[in-house]
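# Observations on the three-dimensional arrangement
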Amino acid sequence: MEIDPFVFRLSIFILSIFVGYYVVWSVTPSLHTPLMSVTNAISSVIIVGAIIAALAGNNENIFNEASIFGFLAIILAAVNIFGGFLVTQRMLAMYKKKKK
Amino acid sequence: MEIDPFVFRLSIFILSIFVGYYVVWSVTPSLHTPLMSVTNAISSVIIVGAIIAALAGNNENIFNEASIFGFLAIILAAVNIFGGFLVTQRMLAMYKKKKK
Amino acid sequence: MISTNLLALFYLVSGVLFILALRGLSSPETSRQGNFFGILGMLIAVLVTFLSIGNFSTSFIYVILFLLIGGGVGAFIAFKIPMTAMPELVAGFHSLVGLAAVFVAISAFLNPEAFNLGVSGNIKLASLIEMSIGAAVGAITFSGSIIAFLKLRGIMSGAPITFPAQHILNLIILISIIVLTYFLCVTQLPNLFWSLIAISFLVGILLIIPIGGADMPVVISMLNSYSGWAAAGIGFTLENTALIITGALVGSSGAILSYIMCKGMNRSFFSVILGGFGGTDQTTKSGNKEQKPVKSGNSDDAAFLMKNASSVIIVPGYGMAVAQAQHALREMVDTLKKNGIKVSYAIHPVAGRMPGHMNVLLAEANVPYDEVFELEEINNDFANCDVAYVIGANDVTNPVAKTDPQSPIYGMPILDVEKAKSVLFVKRSLSPGYAGVDNDLFYRENTLMLFADAKKMTEDIIKSF
Amino acid sequence: MISTNLLALFYLVSGVLFILALRGLSSPETSRQGNFFGILGMLIAVLVTFLSIGNFSTSFIYVILFLLIGGGVGAFIAFKIPMTAMPELVAGFHSLVGLAAVFVAISAFLNPEAFNLGVSGNIKLASLIEMSIGAAVGAITFSGSIIAFLKLRGIMSGAPITFPAQHILNLIILISIIVLTYFLCVTQLPNLFWSLIAISFLVGILLIIPIGGADMPVVISMLNSYSGWAAAGIGFTLENTALIITGALVGSSGAILSYIMCKGMNRSFFSVILGGFGGTDQTTKSGNKEQKPVKSGNSDDAAFLMKNASSVIIVPGYGMAVAQAQHALREMVDTLKKNGIKVSYAIHPVAGRMPGHMNVLLAEANVPYDEVFELEEINNDFANCDVAYVIGANDVTNPVAKTDPQSPIYGMPILDVEKAKSVLFVKRSLSPGYAGVDNDLFYRENTLMLFADAKKMTEDIIKSF
Ligand SMILES: NC(=O)c1ccc[n+]([C@@H]2O[C@H](COP(=O)([O-])OP(=O)(O)OC[C@H]3O[C@@H](n4cnc5c(N)ncnc54)[C@H](OP(=O)(O)O)[C@@H]3O)[C@@H](O)[C@H]2O)c1
Ligand SMILES: NC(=O)c1ccc[n+]([C@@H]2O[C@H](COP(=O)([O-])OP(=O)(O)OC[C@H]3O[C@@H](n4cnc5c(N)ncnc54)[C@H](OP(=O)(O)O)[C@@H]3O)[C@@H](O)[C@H]2O)c1
């Protein structure tokens, strides 16, 4: 009787594709390079999975087989998050209007 | 533990607002009148509720207190659906390119 | 029968098809396909609803019957309605959607079991709230659209009807709606529900009667937006994805169109949303300028000027719609073209009385849409054109919008017809247009007024050619 | 601790913030605010994840520690990287996302209980499929991006590496991936999972090595798109709205950017998606035209021409990036402006080696973005300009794109520098650009070639002024 959550997620996914399509087309061409770096940064939201994986270990064995991959993923994703947002920030700070 | 379907519906709603925003802004101004009539037609998808309401009656009493409102709503929505789509069709058929 | 998941998937598909329907309107080429997607989406939604119930009893025959009756009426209207009546038509159709929403909400209130919302007298709180909002906004949409329809159709006077303490009354009503909803949620008494609907009907009327007839398009668009949000609300009640998506689409569409109209008229969006504006018709500031000299001519003068022109820009306005002059205009343009004159059409974003009004009328008269240009596309061309033929337009050409910060239309972008070598104004008198502002252009050196009905004058020009 | 519903709501909020982050990029004014929204969204996602676990044990300290280590490295790179190295940087960062996705998938495979996906050896089928797709696409993204990075950085030769039976090998691998995934789902054997990942790494390498170094930007964007879909896949596994929304955003963004690049280069989108292109570097059709006479000059000639000009348009290209000439260029323009000369910049959509490459470099050199124009905005102005200063650009000015249907760049829109009164070409030789096509403009009457490094020549011109 209840709707499977998968159906909802599918709806969210499909609507997000529409949003993505429009939102990216509306990005001005002069900001396409920052666009590339910022999408890189936001795609690191996969860190959410990495954190769950890392914290799944128990106290006796913090670095077990599974959690160690989580910790590695955290490092990689963190490089991207900080690197991606900061380099974008650095680029965007350079776009200035003519001083009058 | 399970996520309330309401949260999913809210997500769908919010994403649809984004889609709506972009999709309507991208409508060419010369088609704004058909836009008005077609949104009218699609908003009649409320007929879905009208059908459920109308068919909720039982066989002995097809037109009970509740279902009668369903039947009325079906008529109204049907006027809109057929009227809205057909008048849009009629308008759109008139938009022609220069014959060369 | 169909599983709940499959049903939800199909509703998603029809939601997506509705998105594609609007997406198609981004260009005339894809628009017909878009409309087809819309029809398909509706078909899917209706069919799967039938399948989900699966109770093909006698009631089912009645459902089909009423569907066909309503459909027949709708189709009849769609084929008979003249294009010039589109504003009323939209308002009229609109009221029906509002009323249908009210009926569905009532039915859900009376028979919540059918919608899985609990049992009568003990409806789920969330559903009850959604239902009340749906019913109230639906009722407001209904009565508001009816008033708009009556004003546009001319059955009711377009003049704003005001009375003292209007705003206080509205405030009291608003508070009573909230109080009613609260008690309804607590007691679930049917009478409170009925009162809520009755008061909402009243609100719709009270909100719209003080607004002048010419402002109705903004009102319609605004009600359109409201009704979208109401549909989304009912979508939450019915747990229906197609309705939620559609509600958001319609809500955005109405809001954006009223924003475009407000910007085009240089009115604030908020003053519209809050309602209670209008009365511009009264502020007609004419009379004190009538004494200025005006050059006026007849169809022969106009034909002579155009014969000697190498390029002509046509600026249609509300008057063209009133006079139904679009077909005559197309014929005149054909004649001009046969004489080797370059002709294009310039459409202001708020020319006429609804967005895209002029485009639809020109399309009806078989004017190809690639000869019709938007303001930004063509505005620079007036400087190089010999004749601007302004037919039933007024405000959209008024240079006061650029010069006088006191003017109600100050800041609105206008078509620079003044830059053309000569300007021909076809209208019946010197009276102002919708905004009630006198137009300085009438008194200019290079302007020739052609006082007549737009259709009559255009036909005469063809004869004089 | 935080309830599941609240958690889902917060993930929705961060998804919406990511949408707003991209939306901000629609204009430079709003872009910084957009980036802030993105950071906020990420912060919310990370914080609520912490709260949802609530197990603030010793592991938690390590999580913070590793987060800071990674963050420190990222921040360091972000501050140190020169703007000219943006293409490599994006490729490098990209490989990290891919690898992170692989690690998360591995961890989920080893410890499915932590993610509510069933128990080890008996993982829910849907989750296992999603996980495999995520791991495979992540691995392809990783190794592919590494190759792209090496080629762009010049560590690996940019030449396409081809070998016989390449396509047959790829086909065999593809089939084996599908077979592996099938048996993995049936048996849940860890070894199959490891093999799947190993083969996917191989695919990433094999797909990218045959592609020429200069085509890497398209490859990066394509991998970006792939990784977006992979992220969405993992989002389904983790039942995380933020990841699903982000995946779709990144997927669209990559696809649209590669589409824009392909259109700008007049290549088919499908040949890119399928991979295996490149090798254009070999088709250099030069040699037979070298004998034609060429006018070449020095910095004094260039300065003289510009001094007598009233308007100059700057056309930067890949050579400006290579020579890091943007700062010198800005200084030159300042000098020109001081002499009362009107200067603007014209940017071709695929000038340089990545979308928006030139804009970022000019912004770095403090060129205000309202002096920088897109192709459509400025192309008509060349006819009225005295000097076009083409600095390190070549293909994007090549008129053969309009005239010769045989040319590989035929159909690509170009900047009409040929219409300027004089054209100055700053490059080191007569050798062709990225597309390997000889440029007819070099031999024209009104062209003066300035053979030198872009930065050197520009500095010399300043001195000669
Ligand atoms: N398009 C929209 O979405 C929208 C919505 C709401 C409001 N508006 C407002 O509507 C106005 C539209 O501007 P507009 O220039 O199109 O129209 P307008 O300024 O209202 O002027 C129309 C003119 O047509 C003349 N006219 C009326 N009937 C005629 C007939 N049978 N033959 C010849 N002329 C006739 C009238 O002058 P005579 O009486 O002298 O003949 C009037 O001056 C703007 O102020 C706009 O803000 C537009
Ligand atoms: N932007 C993108 O997204 C993108 C992506 C992929 C491919 N592409 C392709 O890249 C090309 C871009 O066109 P473009 O006109 O910018 O570049 P181009 O056609 O590749 O030409 C660059 C020119 O710069 C010269 N150059 C190199 N180093 C230099 C230096 N240090 N000083 C002075 N000149 C130097 C080279 O000539 P010398 O060797 O004689 O100096 C070369 O002819 C297009 O073909 C496009 O399709 C672009």
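Figured I'd write up the structure that's included with this text. (Residues numbered from 1 in each chain as written. Chains lettered and ligands numbered in written order. Predicted model: local features only at pLDDT ≥ 70, side-chain atom pairs only at ≥ 80, totals over all residues. Heavy atoms only, no water.)

So, about the relation of the copies chain A and chain B. Structural alignment of chain A on chain B gives an RMSD of 0.0 Å, achieved by rotating through 180° and translating 0.0 Å along the axis. What the superposition gives is, in effect, a two-fold axis relating one chain to the other. The fraction of interface residues of chain A whose copies in chain B are also interface residues reaches 100%, indicating that both copies meet through the same surface. (Least-squares fit on C-alpha atoms with pLDDT ≥ 70 in both. Contact = heavy atoms within 4.5 Å.)

Residues and elements named next belong to chain C. Within the open sheet, the 6 strands sit side by side as 5-4-3-6-7-8. Their pairing is parallel. Single-partner strands in this sheet number two, and they are strand 5 (372-374) and strand 8 (447-451). Averaged over all neighbouring strand pairs, the angle between strand axes comes to 25°, with direction disregarded. With 5 bridges joining them, strand 3 (residues 311-316) and strand 6 (residues 387-391) adopt parallel strand pairing. (Pairing = 2+ DSSP bridges. Helix = DSSP H or I, 4+ residues; strand = E, 2+ residues; numbered from the N terminus. Axes fitted to C-alpha atoms, helices over the stretch in contact; angles between N-to-C directions.)

Let's shift gears to the sheet that holds strand 4 (residues 342-347) of chain D. Backbone hydrogen bonds hold the strands of a sheet together, and the pairing may be parallel or antiparallel. All names here are of chain D. Judged by pairing direction, the sheet is parallel, and its 6 strands sit side by side in the order 5-4-3-6-7-8 without closing on themselves. Strand pairing shows two members of the sheet lacking a second neighbour, strand 5 (372-374) and strand 8 (447-451), which therefore form its edges. Taken pair by pair, the neighbouring strands of this sheet meet at an average axis angle of 25°, ignoring direction. Helix-sheet contacts for helix 11 (residues 299-307) involve strand 3 (311-316), strand 6 (387-391), strand 7 (422-427) and strand 8, and the interaxial angle to strand 7 is about 145°.

It is worth spelling out empty space enclosed by the protein at this point. Tallying each qualifying case throughout the model produces 4 cavities of 30 Å³ or more. In this structure, the largest cavity occupies an estimated 70 Å³ of space. In terms of lining, the largest cavity is formed by S43 and I46 of chain A together with V97, G98, A101, G138, T141, S227, A230, A231 and I234 of chain D. Ranked by the residues each element gives to the lining of the largest cavity, the list is headed by helix 8 (residues 216-238) of chain D, at 4 residues. Split by residue class, the lining of the largest cavity holds 6 nonpolar, 5 polar and no charged. (1 Å grid on protein atoms, 1.4 Å probe; cavity = no way out; pocket = protein on both sides within 12 Å on 5 of 7 lines; lining within 4 Å. Points joined across faces, edges and corners; volume = space filled by probe spheres on them. Nonpolar A, V, L, I, M, F, W, Y, C, P; charged D, E, K, R; others polar.)

Residues and elements named next belong to chain D. The environment of ligand 2 is formed by 31 residues, the closest being M265, R353, N394, D395 and S429. Here a nitrogen atom of ligand 2 sits 3.4 Å away from a polar atom, N or O, in the main chain of M354. Within the backbone of P355, one N or O atom sits 3.2 Å away from an oxygen atom of ligand 2. In the complex, 96% of the free accessible area of ligand 2, which totals 900 Å², lies under the protein chains. Elements that contribute at least two residues to the shell around ligand 2 include exactly helix 9 (241-265), helix 12 (318-323) and strand 7. Among the residues making up the shell around ligand 2, the classes are represented as 18 nonpolar, 8 polar and 5 charged. (Near = heavy atom within 4 Å. Polar contact = N/O pair within 3.5 Å; in protein donor to acceptor, adjacent residues only side chain to side chain. Areas by Shrake-Rupley, 256 points an atom, 1.4 Å probe, with all protein chains shown as cover.)

Among the surface-exposed residues, L171, L174, I175, I178, V179, Y182, F183 and V186 of chain C lie close enough to one another that they form a single nonpolar patch of about 810 Å² accessible area. Structurally, the position occupied by L171 of chain C is in helix 6 (residues 166-187). (Patch = residues over 30% accessible without salt bridge, like charges linked within 9 Å, V, L, I, M, F, W, Y side chains within 5 Å. Salt bridge = Lys/Arg side-chain N within 4 Å of Asp/Glu carboxyl O.)

Turning our eyes to something else, we now look at the site of ligand 1. Residue and element names in this part refer to chain C. The local shell around ligand 1 holds 31 residues, among which M265, N394, D395, R428 and S429 are the closest. At a separation of 3.5 Å, an oxygen atom of ligand 1 approaches a polar backbone atom of G319. With respect to ligand 1, the backbone of R428 contributes an N or O atom lying 2.8 Å from an oxygen atom. Here the element with the most residues in the shell around ligand 1 is helix 12 (residues 318-323); it accounts for 4 residues. For the shell around ligand 1, a count of residues per class yields 18 nonpolar, 8 polar and 5 charged.

Using the criterion set out here, one finds 26 salt bridges over all chains in the structure. Between K97 of chain A and E29 of chain D there is a salt bridge, and its shortest N-O distance comes to 3.6 Å. Taken together, the residues K97 of chain A in the segment after helix 4 (65-94) and E29 of chain D in helix 2 (residues 28-53) connect one chain to another. Looking at K97 of chain A, the relative accessible area reads 46%, which means it is partly exposed. Look at E29 of chain D and you get partly exposed, because its relative accessible area is 48%. The closest approach of N and O atoms between D460 of chain C and K463 of chain C, which form a salt bridge, is 3.7 Å. Of the two residues, D460 of chain C and K463 of chain C both sit in helix 17 (residues 454-464), 3 residues apart, roughly one turn of that helix. Connected through salt bridges with shared partners, the residues K402, D416, E418, K419, D440 and R444 of chain C form a single ionic network. (Buried < 20%, exposed > 50% of the residue type's maximum accessible area, 1.4 Å probe, protein only.)

Further remarks concern the packing of helix 8 (residues 216-238) of chain C against helix 9 (residues 241-265) of chain C. Residues and elements named next belong to chain C. Where helix 8 meets helix 9, the axes come as close as 7 Å, and the angle between the chain directions of the two elements is 160°. Judged on the interaxial angle alone, helix 9 and helix 8 are roughly antiparallel. For helix 8 against helix 9, the interelement crossing comes out left-handed. A breakdown of the residues in the contact of helix 8 with helix 9 according to their chemical character gives 18 nonpolar, 11 polar and no charged. (Parallel < 35°, antiparallel > 145°, perpendicular 65-115°, else oblique. Left-handed = near helix turned anticlockwise from the far one by under 90°.)

This part takes up the side chain of T246 of chain C. Residue and element names in this part refer to chain C. Looking at where T246 falls in the secondary structure, it is placed in helix 9. For T246, a relative accessible area of 1% puts it in the buried group. Within the local environment of T246, its side chain forms a polar contact with the backbone oxygen of A242, the two atoms lying 2.5 Å apart.

Here we come to the interface of chain A and chain B. Contact residues are listed per partner, giving 14 residues for chain A and 14 residues for chain B. Both sides together, the interface formed by chain A and chain B hides about 1200 Å², and carbon and sulfur atoms give 81% of it. Of all residues in chain A, F8, L15 and Y22 of chain A bury the most surface against chain B, accounting for 45% of the area lost on that side. One can count 0 salt bridges joining chain A with chain B. For the interface between chain A and chain B, the tally reads 0 residue pairs in polar contact (both at pLDDT 80 or more). (Buried area = accessible area lost by both parts, 1.4 Å probe.)

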